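Read off the chains here:
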There are 2 protein chains.
Amino acid sequence: MARQSNIQPKHSEFVGRFRHLGLRVTPARLLVMEALSAHGGHMTAEEIMQWTSARYPAINLATIYRTLDLLTSMGLVTQTDLGSGASSYELVGDTLHHHLVCQQCGAVMEVDDAALTLVRERLLRDYGFRADPGHMAIFGTCKGCLDASHHTIASATQR
Amino acid sequence: MARQSNIQPKHSEFVGRFRHLGLRVTPARLLVMEALSAHGGHMTAEEIMQWTSARYPAINLATIYRTLDLLTSMGLVTQTDLGSGASSYELVGDTLHHHLVCQQCGAVMEVDDAALTLVRERLLRDYGFRADPGHMAIFGTCKGCLDASHHTIASATQR
DNA sequence: ATCGCTGCAAAAGTTTTGCAGTCGC
DNA sequence: GCGACTGCAAAACTTTTGCAGCGAT
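A.B. asks: Explain the overall build of chain A to me, using residue names and the numbers behind them.
C.D. replies: When you go through chain A residue by residue, the secondary structure sums to six helices and six strands. When the helices and strands of chain A are read in sequence order from the N terminus, they spell out α-α-β-α-α-β-β-β-β-α-β-α. Every one of the 159 residues in chain A was classed for burial, and the buried ones make up 42%. Taking as baseline every contact in chain A between residues at least 6 positions apart, the subset at least 24 positions apart corresponds to 45%. Working note: accessible area of chain A is about 8600 Å², and carbon and sulfur atoms make up 51% of it.

The following block contains the structure:
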C-alpha cells in the first residue's frame, strides 16, 4: 500500500497551468481540478467537496467555493445553473456539449455542440457576444414530459 | 384620489385564464400576474414581492413562491436562472426573446427569438426536446468584456 | 360548508464573509 | 518573511414547509 499520492503537486498536469497564470499551487486547487477532470460531467460544489475530502479531509466547503470562483474567473471552469438549487461546475476543455434542462421532470440532457455552432457564430456576428462553447443552458420540455402534457391538456378542464 | 383598484378581481384580464384552468381566483395570484405583466422583463421573487406588497401589504414571500411554482407548472410563467443567485420569472406570451448572460460583468442582453428558431426546430427534431420559445439562457462573454479580456490575455503573465 | 389558499414562523439548503493561522513562493 | 490561501464559524440569502385560520366557490 504505497502512500504514493499525498497530493504530489509536481506530478499533476495542472501545476503548469496554475504557474502559467501566476497562481499559487495549493492542494485545494489541484484537487478541485482533479475532481472535475475525473468526474467528466458537471458537479455541484457539494459533490466536489465529497470527492476531494475523501483524499484530503481537512478541506473546507468555503475553500471549494472560493477556488471555483477563482477558476471560473480564470476561464478554467464554467459555472451553470441547471435549476437544481445548486450551481454546477464543469471543466473547460471537456467534450463540448450543452444542456437541455427539462422544467417538468428536471432531467438534464446533453446536446452535441455541433448542432449549435451556427447559433454561436450568429450571436458573435450580430451581438458581439461570445457564447461559451460548452456552456449553454436551454430550458424546455423533454420528449417524455411532452407526451405526458398532451394528455393533461386534452383533459385540462377536469382538474 | 379614487380608491379605484382595491384588487378588483372581476376586472383583471387574468381572471378568465385562471377560471379556465380550474384555479381559484385570488388576490395573490392576480397580483403576481399583474406584476409580471406590468414589468415586462424578468423579475425575481423579491422584486415581485415589492411590487405586489405596495398595493396589498399583507402578501407574503412564501405565497409569491408558491404562486410562481403553480403558474410555472401551468405554463403561464417561465422560470430561469440568470446566475444572480435568485431565479428570474417571466410571463409566457411576452415578446419572444432569449437571454445572453455575460459571466464577466453579469449583464443580461436579450436576443430576438427569430435568430434562434432554427435551433429550436433542430432540438425538437433530433432530441424530441421542445425548447421554451422565450426562454433560453446562453452564458458567455459580452462584447465589452471580450475586448477587456483581450488586454488581460496580452499581459497575463504580469499578474 | 368545504377545501384550497395564505400568512406567519421556522427550517433547510446554498453561498459568502471575517478572522486568525498556515503555507507557498 | 511576506502575502496569499485556508479552515472554522457565523452570517446572509433564497427557497421550502408545517400549521392554523381565512376565503373563494
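A.B. asks: Describe in detail the sheet that holds strand β2 (residues 77-80) of chain A, supporting the description with residues and values.
C.D. replies: Strand order in this open sheet of three strands is β1-β3-β2 (chain A), and the pairing throughout is antiparallel. Pairing within the sheet leaves two strands with one partner each, and these edge strands are β1 (43-44) and β2 of chain A.

A.B. asks: Please set out the protein's contact with DNA strand D residue by residue, giving values where relevant.
C.D. replies: Neighbouring residues of DNA strand D: 22 residues in total, closest Arg24, Thr26, Arg29 and Thr63 of chain A together with Tyr65 of chain B. Each atom of DNA strand D within 4 Å of the protein was classed as base or backbone; sugar and phosphate made up 67%. At 2.9 Å, a side-chain N or O of Arg24 of chain B approaches a base nitrogen of DNA strand D. Between DNA strand D and Ser87 of chain B there is a distance of 3.1 Å, counted from a phosphate oxygen to a backbone nitrogen or oxygen. Secondary structure elements with two or more residues in the surface near DNA strand D: α2 (27-39) and α4 (61-73) of chain A together with α4 (61-73) of chain B. Of the residues forming the surface near DNA strand D, the biggest block, five residues, is contributed by α4 of chain B. Here the residues of the surface near DNA strand D sort into ten nonpolar, five polar and seven charged.

A.B. asks: An account of the packing of α2 of chain A against α4 of chain A is requested, with residue identities and associated values reported.
C.D. replies: Geometrically, a packed helix pair is captured by the angle between its two axes and the distance between the axes. Residues and elements named next belong to chain A. Running from N to C, α2 and α4 point in directions that differ by 75°, and their axes come no closer than 10 Å. Viewed along their axes, α2 and α4 adopt a mutual orientation that is roughly perpendicular. Side by side, α2 and α4 meet where Ala28, Arg29, Val32, Met33 and Leu36 of the first sit next to Thr63, Ile64, Thr67, Leu68, Leu70 and Leu71 of the second. Partitioned by chemical class, the residues of the contact of α2 with α4 number eight nonpolar, two polar and one charged.

Criteria and thresholds
- Residues numbered from 1 in each chain as written.
- Chains lettered and ligands numbered in written order.
- Predicted model: local features only at pLDDT ≥ 70, side-chain atom pairs only at ≥ 80, totals over all residues.
- Heavy atoms only, no water.
- Helix = DSSP H or I, 4+ residues; strand = E, 2+ residues; numbered from the N terminus.
- Buried < 20%, exposed > 50% of the residue type's maximum accessible area, 1.4 Å probe, protein only.
- Contact = heavy atoms within 4.5 Å.
- Areas by Shrake-Rupley, 256 points an atom, 1.4 Å probe, with all protein chains shown as cover.
- Pairing = 2+ DSSP bridges.
- Near = heavy atom within 4 Å.
- Polar contact = N/O pair within 3.5 Å; in protein donor to acceptor, adjacent residues only side chain to side chain.
- Nonpolar A, V, L, I, M, F, W, Y, C, P; charged D, E, K, R; others polar.
- Axes fitted to C-alpha atoms, helices over the stretch in contact; angles between N-to-C directions.
- Parallel < 35°, antiparallel > 145°, perpendicular 65-115°, else oblique.

Any functional reading would require information beyond the geometric quantities listed.
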